[in-house]
Amino acid sequence: MADVENKVSTGRWVKVLLAVSLGLNMLVLGAIGARLYTHRGEALQPHNMREASYGPYSRALSPQDRKIIGEALRREAGSLRQNLPKIKETFQALILALQAEDYDRDAVHGLIAEQQAMGLKRQQVGQRLLLERLDSMTVEERRAFAKRLQRTLRRPRTP
């Protein structure tokens with residue numbers, strides 16, 4: 001009986017984590033798209049958009065850890081500034097495909113899948129770097145991180 005309850009409980013957590021992961025991907029793509037089209041292609045300013053943002057985890061990291069992980073993320077996945085031409089290209093192609101007289105379902109699906117893949121790659125690299133840092137922390141560092149994470153989760157985030 002306990003085994004059945006554990007499997008059900010584990011299955012729920014997997015579904016929750018998958019939903020959160022999809023949500024993060026969509027937030028990243030939405031933020032990039034909004035940035036591109038509300039500012040009409042102006043160059044990204046590093047202080048205006050956090051490149052290594054991983055939500056509450058990023059906010060709970062120490063400034064030094066955040067900097068180290070951000071630099072590693074840019075080395076491995078490229079900076080948003082480096083990826084901007086490709087991101088713009090996929091959005092422009094998507095807009096053209098949506099405006100076309102004959103709707104090309106495969107093209108639209110492919111472009112959105114391409115955007116998701118770019119965001120997912122960045123998310124996966126960021127997640128791996130975060131986990132590597134957590135794995136290397138001392139007990140005191142992990143406890144301090146947990147305390148900051150707990151504080152971050154309690155405090156409402158304002159734009």
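(A) Just the confidence of the model for the chain, in detail. Looking at the chain, the pLDDT average stands at 76 and 63% of residues meet or exceed 70. Per-element confidence in the chain ranges from a low mean pLDDT of 54 for helix 1 (residues 2-38) to a high of 93 for helix 6 (residues 139-154). Under a pLDDT of 50 for its full length, residues 35-52 has, in the predicted model, 36 contacts with residues more than four places off or in other chains.

(B) Layout of helix 4 (residues 80-99). Over its 20 residues, helix 4 extends 27 Å from the first C-alpha to the last, a length consistent with the 28 Å expected when each residue adds 1.5 Å. Bending of helix 4 peaks at approximately 30° at the position of lysine 86. The set of residues buried in helix 4 consists of Leu80, Leu84, Ile87, Thr90, Phe91, Leu94 and Ala97.

(C) Summary view of the pattern of salt bridges. Under the counting rule described, the total for this entry stands at 6 salt bridges. For glutamate 132, the salt bridge identified is with arginine 128, shortest N-O distance 2.9 Å. With a gap of 4 residues between them, glutamate 132 and arginine 128 both fall in helix 5 (residues 105-136), about one helical turn apart. One salt-bridge network, held together by shared partners, links Asp65, Arg133 and Glu141.

Rules behind the numbers
- Sequence positions are assigned chain by chain, starting from 1 and proceeding in written order.
- For this predicted model, a pLDDT threshold of at least 70 governs which residues receive local features, and a threshold of 80 or more governs which side-chain atom pairs are given and counted, while totals over whole chains, interfaces and linings are taken from all residues.
- By convention in this description, side-chain values take in all heavy atoms of the structure and omit both hydrogens and water.
- Confidence scores here are pLDDT values: one per residue, from the predictor, ranging 0 to 100.
- Strands here mean DSSP runs of E at least two residues long; helices mean DSSP runs of H or I at least four residues long; both are numbered from the N terminus.
- Any pair of residues with heavy atoms lying within 4.5 Å of one another is described as a contacting pair.
- Given the number of residues in a helix, its expected span is that number minus one, multiplied by 1.5 Å.
- Throughout, bend refers to the angle between the axes fitted to the seven residues that end at a position and the seven residues that start at it.
- Only protein chains enter the area calculation, which uses a 1.4 Å probe; residues under 20% of their type maximum are buried, those over 50% are exposed, and those in between are partly exposed.
- One side-chain nitrogen of Lys or Arg within 4 Å of one carboxyl oxygen of Asp or Glu is enough to make a salt bridge.

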